[in-house]
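# Examination of the molecular architecture
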Amino acid sequence: MSFFEWLTIFFVCLIGAMTPGPSLIVIIYLTNSKNFVSGFVASLAHGFGIFIYALISIFSLSFVINLLPTAIPIIQILGAIFLIYLGYKILFLKIPKKVVNNKTKIPKTTIESIFLGLTTSLINPKILIFFTSIFSQFISQDYSINTKFGMAFLAGIIDSTWYILVCYSISIKIVENYIKSKQKLIFFILGIILIIFSFYLAFKAIRYFILIAN
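Residues numbered from 1 in each chain as written. Predicted model: local features only at pLDDT ≥ 70, side-chain atom pairs only at ≥ 80, totals over all residues. Heavy atoms only, no water.

It is worth spelling out the overall build of the chain at this point. Counting its secondary structure elements, the chain contains 8 helices and 0 strands. Going from N to C terminus, the chain has its helices and strands arranged as α-α-α-α-α-α-α-α. Here the chain, with 214 residues, has 43% of them falling under the buried criterion. By sequence separation, contacts in the chain at least 24 residues apart represent 89% of the contacts at least 6 residues apart. For the chain, the accessible surface area stands at approximately 12200 Å², while carbon and sulfur atoms represent 72% of it. (Helix = DSSP H or I, 4+ residues; strand = E, 2+ residues; numbered from the N terminus. Buried < 20%, exposed > 50% of the residue type's maximum accessible area, 1.4 Å probe, protein only. Contact = heavy atoms within 4.5 Å. Areas by Shrake-Rupley, 256 points an atom, 1.4 Å probe, with all protein chains shown as cover.)

With that settled, consider a nonpolar patch on the surface. A grouping of Leu185, Phe188, Ile189, Ile192, Ile193 and Ile196 is seen on the molecular surface, where their side chains present a nonpolar patch of about 560 Å² in accessible area. Within the secondary structure, Phe188 is located in helix H8 (residues 173-213). Overall, the relative accessible area of 43% leaves Phe188 in the partly exposed class. (Patch = residues over 30% accessible without salt bridge, like charges linked within 9 Å, V, L, I, M, F, W, Y side chains within 5 Å. Salt bridge = Lys/Arg side-chain N within 4 Å of Asp/Glu carboxyl O.)

On to the nonpolar core. Phe131, Ile134 and Phe135 are the most contacted members of the largest nonpolar core, which has 37 residues in total. Looking at this core element by element, the count peaks at 8 residues for helix H3 (residues 36-67). Setting aside residues up to four positions removed in sequence, Phe131 forms contacts with Cys13, Ile50, Tyr53, Ala54, Ser57, Ser136 and Ala155. Core analysis: the second largest hydrophobic core is formed by 11 residues, Val26, Leu30, Val166 and Ile170 among them. (Core = buried A, V, L, I, M, F, W, Y, C linked by side-chain atoms within 4.5 Å.)

Bringing helix H1 (residues 3-18) into the picture now. An ideal rise of 1.5 Å per residue puts 22 Å on 16 residues; H1 measures up with 22 Å between its terminal C-alpha atoms. Along H1, the positions that sit buried rather than exposed are Thr8, Ile9, Val12, Cys13, Ile15, Ala17 and Met18. (Expected span 1.5 Å × (residues − 1).)

Once that is clear, we can look at the packing of aromatic side chains. A complete count under the given rule lists 6 aromatic pairs for this structure. When the ring of Phe10 is compared with that of Phe11, the centres are 5.4 Å apart and the planes differ by 80°; the resulting orientation is edge-to-face. The rings of Phe48, Phe51, Phe59 and Phe149 are connected pair by pair, giving a single aromatic cluster. (Phe/Tyr/Trp six-rings, centres within 6.5 Å; stacked < 30°, edge-to-face > 60°.)

Next up on the list: the confidence of the model for the chain. Confidence in the prediction of the chain, expressed as mean pLDDT, is 77, and 80% of residues score 70 or more. Element-level pLDDT for the chain is lowest in H8, with a mean of 71, against a maximum mean of 89 in helix H7 (residues 145-171). Overall, residues 98-104 carries pLDDT values under 50, and its contacts beyond four positions in sequence, including any with other chains, amount to 7 contacts. (pLDDT = per-residue confidence, 0-100.)

Attention now moves to the packing of H3 against helix H5 (residues 110-122). Interhelical geometry of H3 versus H5 gives an angle of 35° and a closest axis separation of 7 Å. Along this stretch, H3 crosses H5, giving a crossing that reads as right-handed. For the pair H3 and H5, the contacting residues are Ser38, Val41, Ala42, Ala45, His46, Phe48, Gly49, Ile50, Ile52 and Tyr53 in the first and Thr110, Ser113, Ile114, Gly117, Leu118, Thr120, Ser121 and Leu122 in the second. Among the residues forming the contact of H3 with H5, the class breakdown is 10 nonpolar, 8 polar and no charged. (Axes fitted to C-alpha atoms, helices over the stretch in contact; angles between N-to-C directions. Left-handed = near helix turned anticlockwise from the far one by under 90°. Nonpolar A, V, L, I, M, F, W, Y, C, P; charged D, E, K, R; others polar.)

What follows deals with the environment of Ser23. Assignment of secondary structure puts Ser23 in helix H2 (residues 22-33). Residues Ser23 and Thr120, spaced 97 residues apart in sequence, show a C-alpha to C-alpha distance of 6.0 Å. If we skip the residues at most four places from it in the chain, Ser23 touches His46, Thr120 and Tyr163.

For any two helices packed against each other, one specifies the inter-axial angle together with the distance between the axes. Contact geometry of H3 with helix H4 (residues 71-91) gives a least axis separation of 9 Å together with a crossing angle of 140°. One finds that H3 runs oblique with respect to H4. Contact residues: Leu61, Val64 and Ile65 in H3; Ala71, Ile72 and Ile75 in H4. Here the residues of the contact of H3 with H4 sort into 6 nonpolar, no polar and no charged. (Parallel < 35°, antiparallel > 145°, perpendicular 65-115°, else oblique.)

Across its 13 residues, H5 extends 18 Å between first and last C-alpha, which sits within 8% of the 18 Å expected from 1.5 Å per residue. Considered for burial, the residues of H5 that qualify are Ser113, Leu116, Gly117, Thr120 and Ser121. Looking down the long axis of H5, one finds its buried residues gathered within 125° of arc, a one-sided arrangement. Relative to its buried face, H5 has exposed residues pointing more than 90 degrees away, namely Ile111 and Phe115. (Arc of directions from axis to C-beta.)

Pasting the structure below:
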């Protein structure tokens, strides 16, 4: 893989991790209700869950390539459409004023924090769709197993690192307040970037069909 491809995967995974959802609520709730360590270990566990999902999507796509190579451009177009939709959702994202989920049981041990972080990522099927959309744009028969594991590992590391930073920012009120004041602008920019990138991916996939037709 080229440096540009690795960099693209990095930024798209980062945008995905930064998008608010159930995982963010759980991590913030753990940090606020217990301590930084609980949020930290939950973030690592959540990243491991992301690694598993990324690995499943990568090897599933590799299987499809070997079985039916012509299906990949179709998957790429569908993936690009999903990423455009995600970018649209980020653009008009409504940030909840309260992130505390009273239905979540406060973990009493580190093991429970790990379990909660892991299950929060694994029970969300949208994550698998997200990674299938991303990796369908880059997967190739020529990639080694090490490259495939590296792609999944990168996704997991980005996820864990982001949520650890979230836990840390909660501990520093100045940083937390600044992020809250600029969050609409931040997500607007992220949404625009993701939409532009997704249109580029869709164009690449459509061009494949045009070349075949000619």
